[in-house]
Amino acid sequence: MSAALFAQEAASHAPDFPVLSALVIVPAVGALVLALLPRTRSELTKPVAVLFTVATGALSLYVLAAFETSESGYQFEANRSWIADFGISWHLGVDGISLFLVVLTGIIFPIAILATDPHHDAKPYYAWLLMLEAGCLGVFVSLDLFLFFVMFEIVLVPMYFLIGGWGYGRRVYAALKFFLFTMFGSAMMLVAIVALAFLHRDALQDENRAEAQEIVAEANAGSDGPTQEEQDRVVELSEDVPLDFDLVEIAESRTVVDDSSSGNPLDWSAARWLFLAFTIAFAVKVPLFPLHTWLPDAHTEAPTAGSVILAAVMLKLGTYGLVRFGLYLFPDAATFFAPGLVTLGVIGIIYGAVVATMQKDLKRLVAYSSVAHLGFIVLGTFALTTQGLEGGLLQNINHGISTGALFLLVGMISDRRHTREIAALRGLQKVAPVFAGVFTLVMLSSIGLPGLNGFVGEFLVLVGSFPTRRWWTVVATAGVILAALYLLWAYQRVFHGEPDEANSEFTEMRWKEGLVLAPLLGLIVFLGVYPKPVLDRMEPSVDALIQHVEDNSDYTEPSIAADGPAEGEAPADGEVAETEASG
């Protein structure tokens, strides 16, 4: 099966190497190798895991290097029939929207594996991590709805066992809560996927039959009757249309559209209900307020590597799904629900920040900060502007880098002090100044300090959201201030002051820890100073998606949001107000 997929992909794209199939299969093979590794060779467990995850990371960097910047469509496509009777295919592709999520996944997993060691049972621990990496990459490159669902579900099992098997005190409760929440959302998405495939098939059959009847009517009206070519065409159109789960085919054919004119749910079209089912599944994964309650427990009880991957990669499965499946499949329904989703995102920004300020556990504080940061991503996505969507996509990457680094640092503190209670930590910068300096840099990037990566994403989100979601943006701006409050206050309590006897033995950052963190620190600075290479690769796909939304809904992007004001010209109030009223 793997060899056939490799051959198909190599034939379907200019590069000879079947890179997208390899991205999914290599870590899965690594997990299998670890599972078959004898327990007597435990010294090989981590090197084998590192080998396979580094190889996967190298493949993701190859995709980045070979990616055509000016192309808006899917690249490195692989499309091979998988379950032909049901129209399910192994269809993979990457564009500017998914590219950097693939690269982020390829970078974060090696760092998480190198930076941490399990306290017990290393063999299944690393095997689950590699299987989790395969599932996450599969989500980001899948262009078949059923394949996407399979990959979306695969990630639940490894994370459940990582939290439940290698987590902290209430790990079983946190793992079960995580699994139940996400499984509930996934069940709704599965129903929506199957319903969408059948509705798409039925719509095509109706179109074919209508065309066949038209051909017959025209032929009967003539004197010579239908020609052989017309008869063959009628027979072809009369045949049953097979099921098809291809994302691109369904989205571009526009067979399932929102033709509702009423806000009454009893009068909603199927498109609105399907969009809602997809959105609930992704909102749980983001997580979006009020479906967020599983996240703090999962983060707090997960092992350090699990927390890093959960924050940096797995939460992005939800935000990516909202863009790829929400906006692309249902552009008309997305514009209808956009104000409500933006409202929930903004509530999450303020709620997450306020609750983070009240936390006594440093890891739990960082967990609630994710609820706030991901609210900005939802705001930018459903502002439905080029700048807002680019800002949301960039903030996906920035949050993964900054919050992933924060969880690594909190894990190092926990390993040294065997506590995460803020009240038990004090004066760490006097005994570990380098550690404190690294923590400061990462913390400031999470706050959104200009010159660091967090600022660029949040700035684009706010600038892009203002023309269409003015008052939501004004409220969301308070989240930036609150982020500074809870992070700076936590830093003051943990690192300032005189260390007591327990904290005076806190060890300085080790060379290995610094080397593992170095790529994340470099990206924090690079993306804050020069984000242009990332934005240049995102922009063609973002423009194409916004155009797709405009072509298939009543929404029109204000020119100020797409192009910015002319030089020396301020945005017109009327234009902003008109767009806001329509949104």
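Residues numbered from 1 in each chain as written. Predicted model: local features only at pLDDT ≥ 70, side-chain atom pairs only at ≥ 80, totals over all residues. Heavy atoms only, no water.

Student: Quick question: what am I supposed to make of the environment of Arg254 here?
Tutor: Among the structural elements, Arg254 can be located in the loop between α10 (247–253) and α11 (270–285). You can call Arg254 buried: its relative accessible area is 15%. The spacing of Arg254 and Ala203 is 51 residues in sequence and 9.6 Å in space, taken between C-alpha atoms. Ignoring sequence-local partners within four residues, the contact set of Arg254 consists of Leu329, Pro331, Asp332, His548 and Asn552. (Helix = DSSP H or I, 4+ residues; strand = E, 2+ residues; numbered from the N terminus. Buried < 20%, exposed > 50% of the residue type's maximum accessible area, 1.4 Å probe, protein only. Contact = heavy atoms within 4.5 Å.)

Student: Is there a simple way to think about empty space enclosed by the protein in this case?
Tutor: With a probe scaled to a water molecule rolled over the atoms, the places where space remains empty come into view. Inspection of the entire model under this criterion finds five cavities of 30 Å³ or more. Put simply, the largest cavity is a space of about 60 Å³. Elements with a minimum of two residues in the lining of the largest cavity: α15 (362–381) and α20 (470–495). Broken down by element, the lining of the largest cavity gets its largest block of residues, five residues, from α20. Here the residues of the lining of the largest cavity sort into nine nonpolar, no polar and no charged. (1 Å grid on protein atoms, 1.4 Å probe; cavity = no way out; pocket = protein on both sides within 12 Å on 5 of 7 lines; lining within 4 Å. Points joined across faces, edges and corners; volume = space filled by probe spheres on them. Nonpolar A, V, L, I, M, F, W, Y, C, P; charged D, E, K, R; others polar.)

Student: Would you mind showing me how to read a nonpolar patch on the surface here?
Tutor: A cluster of nonpolar side chains, Val525, Phe526, Val529 and Tyr530, forms an exposed patch at the surface whose accessible area comes to about 380 Å². By the element assignment, Tyr530 lies in the loop between α21 (511–529) and α22 (532–551). (Patch = residues over 30% accessible without salt bridge, like charges linked within 9 Å, V, L, I, M, F, W, Y side chains within 5 Å. Areas by Shrake-Rupley, 256 points an atom, 1.4 Å probe, with all protein chains shown as cover. Salt bridge = Lys/Arg side-chain N within 4 Å of Asp/Glu carboxyl O.)

Student: Would you mind showing me how to read the confidence of the model for the protein chain here?
Tutor: As a note on interpretation, predicted positions should not be read in detail where pLDDT is low. Confidence in the prediction of the protein chain, expressed as mean pLDDT, is 85, and 86% of residues score 70 or more. Across the protein chain, helix α4 (residues 99–115) holds the top mean pLDDT of 94, while helix α24 (residues 573–582) sits lowest at 42. A low-confidence stretch, residues 1–14 (pLDDT under 50), is modelled with 29 contacts involving residues beyond four sequence positions or located in other chains. Within the model, the stretch residues 572–583 combines pLDDT values under 50 with 16 contacts to residues more than four positions away or in other chains. (pLDDT = per-residue confidence, 0-100.)

Student: Please explain the packing of aromatic side chains as it appears in this structure.
Tutor: For any pair of aromatic rings, the description consists of the separation of the ring centres together with the inter-plane angle of the planes. Tallying each qualifying case throughout the model produces 28 aromatic pairs. The ring of Tyr168 has Arg420 lying over it, and the distance from NZ or CZ to the ring centre is 5.1 Å. Across the ring face of Trp489, the terminal group of Arg493 is positioned such that the distance to the ring centre comes to 3.8 Å. (Phe/Tyr/Trp six-rings, centres within 6.5 Å; stacked < 30°, edge-to-face > 60°. Lys NZ or Arg CZ within 6 Å of the ring centre and 35° of its normal.)

Student: Even after reading the chapter, I still don't get α20, so can you show me in this structure?
Tutor: The periodicity of an α-helix, 3.6 residues per turn, causes residues three or four positions apart to be oriented the same way. Under the 1.5 Å per step criterion, the end-to-end length of α20 is 38 Å for 26 residues, consistent within 8% with the ideal 38 Å. Turning to α20, its buried residues are Thr473, Ala476, Gly479, Ala483, Tyr486, Leu487, Ala490, Tyr491, Val494 and Phe495. Gly497 sits one or two positions beyond α20 and adopts a positive phi of about 90 degrees. (Expected span 1.5 Å × (residues − 1).)

Student: Explain unusual backbone geometry to me, please; I cannot follow it from the model alone.
Tutor: For residues that are not glycine, phi is negative in most cases, and the peptide bond is trans in most cases. Residue Pro287 follows Val286 across a cis peptide bond; omega there is -5 degrees. That bond from Phe289 to Pro290 is cis: its omega, 5 degrees, falls within 30 degrees of zero. For Phe76, which is not glycine, the phi dihedral falls at a positive 55 degrees. Within the secondary structure, Phe76 sits in strand β1 (residues 75–83). Accessibility expressed as a relative area gives 1% for Phe76, which makes it buried. Phi at His418 takes a positive value of approximately 55 degrees, unusual for a residue other than glycine. In this fold, His418 is placed in the loop between α16 (386–417) and α17 (428–431).

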